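Architecture at a glance
Chain residues, written in single-letter form:
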Amino acid sequence: MATQRETVLKAIIDAEQEMFCALNTGEDQSEASKIKPFRLGRWMSFSALSDDFIDSYLLDLIQARRDGRNLMTEKYALMAGQIPTISDDPAIEEIVAVESGWMLELAQKYPHIISHGEDNAAYFRKYTACELQTYSPGTRALMHRDVVAAQLAGVNLAEKRYDNFYSRIGKGTLRDQEAAA
């Protein structure tokens, strides 16, 4: 029996998949070879965040659908410089800085598994900042709260996400993967 959290995460990923498949990239985004990694990656992204955050983000997706918005289209259009900035909330830069620091820490701690060279780091920062712009102010504030709380507690949410990912696919933890590499 699915928990409430799992039900909300599935609803988020279903809504995002619908938006992802509607992207006009010239490629078929609905191919099975793209959907499974997309769904797993999106689950991983949200797996370490609070229930408050995921509940709020689901409401963002529902509202976006009502408004005829595709948040995936907006994120990728922002990344490509095709639309102007949606939000200049200072929390975006704070979240990106902390998340980038966590990724750098992982690359140093798990060099065989996590690649975070300057090109990867720049892409990660841009992707994260553009995605955060598509969140409502309330959802962004909850993300900021989760990130700051984790940072103050000495918890690396990026590591937690990877551990959740490897556990979900039956491969242990990030530490296990590094040891096996």
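Presented here is a report on the structure given in the accompanying data block. (Residues numbered from 1 in each chain as written. Predicted model: local features only at pLDDT ≥ 70, side-chain atom pairs only at ≥ 80, totals over all residues. Heavy atoms only, no water.)

A closer look at the packing of aromatic side chains
The way to describe two aromatic rings as a pair is by their centre distance and the angle between their planes. Considering all chains together, one arrives at 9 aromatic pairs under this definition. Plain terms: the ring middles of F20 and F38 are 4.3 Å apart, the flat faces sit at 15° to each other, and that makes the pair stacked. Of this pair, F20 sits in helix 1 (residues 4–21) while F38 sits in helix 2 (residues 32–46), placing them 18 residues apart in sequence. Taking relative accessible area as the criterion, F20 reaches 11% and is therefore assigned buried. According to the relative accessible area criterion, F38 is buried, its value standing at 11%. Chaining the aromatic ring pairs together yields one cluster made of F46, F53, Y57 and Y135. (Phe/Tyr/Trp six-rings, centres within 6.5 Å; stacked < 30°, edge-to-face > 60°. Helix = DSSP H or I, 4+ residues; strand = E, 2+ residues; numbered from the N terminus. Buried < 20%, exposed > 50% of the residue type's maximum accessible area, 1.4 Å probe, protein only.)

A short note on the pattern of salt bridges
All chains considered together, the criterion is met by 14 salt bridges. Here R125 ties to E118 by a salt bridge, and the two come within 3.0 Å at their closest N and O atoms. For E118, a relative accessible area of 55% translates into the label exposed. With its nearest N and O atoms 3.0 Å apart, the salt bridge here joins R145 to D146. For D146, a relative accessible area of 11% translates into the label buried. Each member of the salt-bridge network shares a partner with another, and the members are E16, R42, K75 and E131. (Salt bridge = Lys/Arg side-chain N within 4 Å of Asp/Glu carboxyl O.)

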